[in-house]
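# Structure assessment
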Amino acid sequence: MNFMDYLIKRESCRDYKDQPVSREQLVNIVEAGRLSPSGCNAQPWKFIVVDEAEALEKVRDALVVKGGSSGCAWRASVPAFIVLVEEPAKLMPAAQEYYGDSQRFAQGDLGMAAMNMCYAALDQGLSTCVLGMNDQKKMEQALGIPEGHEVRLVIAVGYADVDAAPRKKVRKSLEEVCGFNHW
């Protein structure tokens, strides 16, 4: 499969088989995240693999936020999660001085790592869904995350319960999102 095929095939999965994901597969996925680029090579991340029953239940509970909302109503079927935590970044002195904010690139860096992980999962026949809603305090308690280390994303990982063709992607046209040499 070439890269464009991956872009077309990868989609958010919300229906997983009752089949575990091997630790080896999860390590391969995390390795793809670890090798991701980051601003000033700061690598402002910690990845927490969640694949054991007790931890899975705690993370599933932490995916429900105040008021009962959840971006993951189907979370009970997910066999593994990878939690992406933002770590303090150390930028090059010139960048730090210019921006005055060491976390300037961190969220984008975590986004790049998340996509690398999603494509690494796809390469192994796995499906993913990137989740942005979680109860920070519950995540801290569930996974021993120190206060001040923000959970930015959670990736659900597993085998899709359907082997259908990818849904047609609905995206803005190239003309709407791309300008050449001006806005």
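Cut-offs and rules
Residues numbered from 1 in each chain as written. Predicted model: local features only at pLDDT ≥ 70, side-chain atom pairs only at ≥ 80, totals over all residues. Heavy atoms only, no water. Helix = DSSP H or I, 4+ residues; strand = E, 2+ residues; numbered from the N terminus. Rg over C-alpha atoms; globule rule 2.2 N^0.38 Å. Buried < 20%, exposed > 50% of the residue type's maximum accessible area, 1.4 Å probe, protein only. Contact = heavy atoms within 4.5 Å. Lys, Arg positive; Asp, Glu negative; His and termini not counted. Charge placed at Lys NZ, Arg CZ, Asp CG, Glu CD. Pairing = 2+ DSSP bridges. Salt bridge = Lys/Arg side-chain N within 4 Å of Asp/Glu carboxyl O. Axes fitted to C-alpha atoms, helices over the stretch in contact; angles between N-to-C directions. Left-handed = near helix turned anticlockwise from the far one by under 90°. Nonpolar A, V, L, I, M, F, W, Y, C, P; charged D, E, K, R; others polar. Parallel < 35°, antiparallel > 145°, perpendicular 65-115°, else oblique. Polar contact = N/O pair within 3.5 Å; in protein donor to acceptor, adjacent residues only side chain to side chain.

### Describing the overall build of the protein
Looking only at helices and strands, the protein features seven helices and four strands. When the helices and strands of the protein are placed in sequence order, the string is α-α-β-α-β-α-α-β-α-β-α. The globule rule puts the C-alpha radius of gyration for 183 residues at 16 Å, and the 18 Å found for the protein is close to it. Residues classed as buried in the protein amount to 40% of the 183 residues present. Of the contacts made within the protein by residues no fewer than 6 positions apart, 78% connect residues no fewer than 24 positions apart. Each charge class in the protein can be summarised by its mean position, and for the 21 positive and 25 negative side chains these summaries are 3 Å apart.

### What about the pairing of strand S2 (residues 80-86)?
Burial runs high along S2: seven of the seven residues are buried. A two-sided burial pattern is seen for S2, the buried positions comprising Ala80, Ile82, Leu84 and Glu86 on one face and Phe81, Val83 and Val85 on the other. Where strand S1 (residues 45-50) lies against S2, six bridges are found, and the strand directions are antiparallel. Paired with Val50 across the two strands is Phe81, which belongs to S2. Here S2 pairs with strand S4 (residues 151-158) via six bridges, running antiparallel. In the sheet register, Ile82 faces S4, and the bridge partner there is Ile155.

### Considering the pattern of salt bridges
Taken as a whole and judged by the stated rule, the model has eight salt bridges. Look at the salt bridges and you will find they share partners, linking Arg23, Asp51 and Glu52 into a network.

### Here's the deal with the packing of helix H2 (residues 23-34) against helix H5 (residues 106-123)
The contact between H2 and H5 brings their axes to 7 Å, and the two run at 145°. In terms of crossing hand, the pair formed by H2 and H5 is right-handed. From H2, Asn28, Ile29, Val30, Ala32 and Gly33 reach across to H5, where they touch Ala113, Asn116, Met117, Ala120 and Ala121. Taken together, the residues of the contact of H2 with H5 sort by class into seven nonpolar, three polar and no charged.

### Digging into unusual backbone geometry
Its identity as a non-glycine residue notwithstanding, Cys40 has a phi of 55°, on the positive side. When you line up the elements, Cys40 lands in the loop between H2 and S1. Phi at Asn181 is positive, roughly 70°, even though this residue is not glycine. Within the secondary structure layout, Asn181 lies in the segment after helix H7 (174-177). Relative accessible area serves as the criterion here: at 81%, Asn181 is assigned to the exposed category.

### Observations regarding the packing of helix H3 (residues 53-62) against helix H6 (residues 136-143)
Where H3 meets H6, the axes come as close as 8 Å, and the angle between the chain directions of the two elements is 170°. Considered as vectors, H3 and H6 are oriented roughly antiparallel to each other. For the pair H3 and H6, contact is made by Lys58, Val59, Asp61 and Ala62 and by Lys138, Met139, Ala142 and Leu143, respectively. Each residue belonging to the contact of H3 with H6 can be placed in one class, and the counts come to five nonpolar, no polar and three charged.

### Focus: the side chain of Arg60
Along the polypeptide, Arg60 turns up in helix H3. Since its relative accessible area comes to 10%, Arg60 is described here as buried. Side chain to side chain, Arg60 and Glu57 meet in a polar contact 2.6 Å long. Among residues more than four places away in sequence, those in contact with Arg60 are Arg75, Ala76, Val78 and Phe81.

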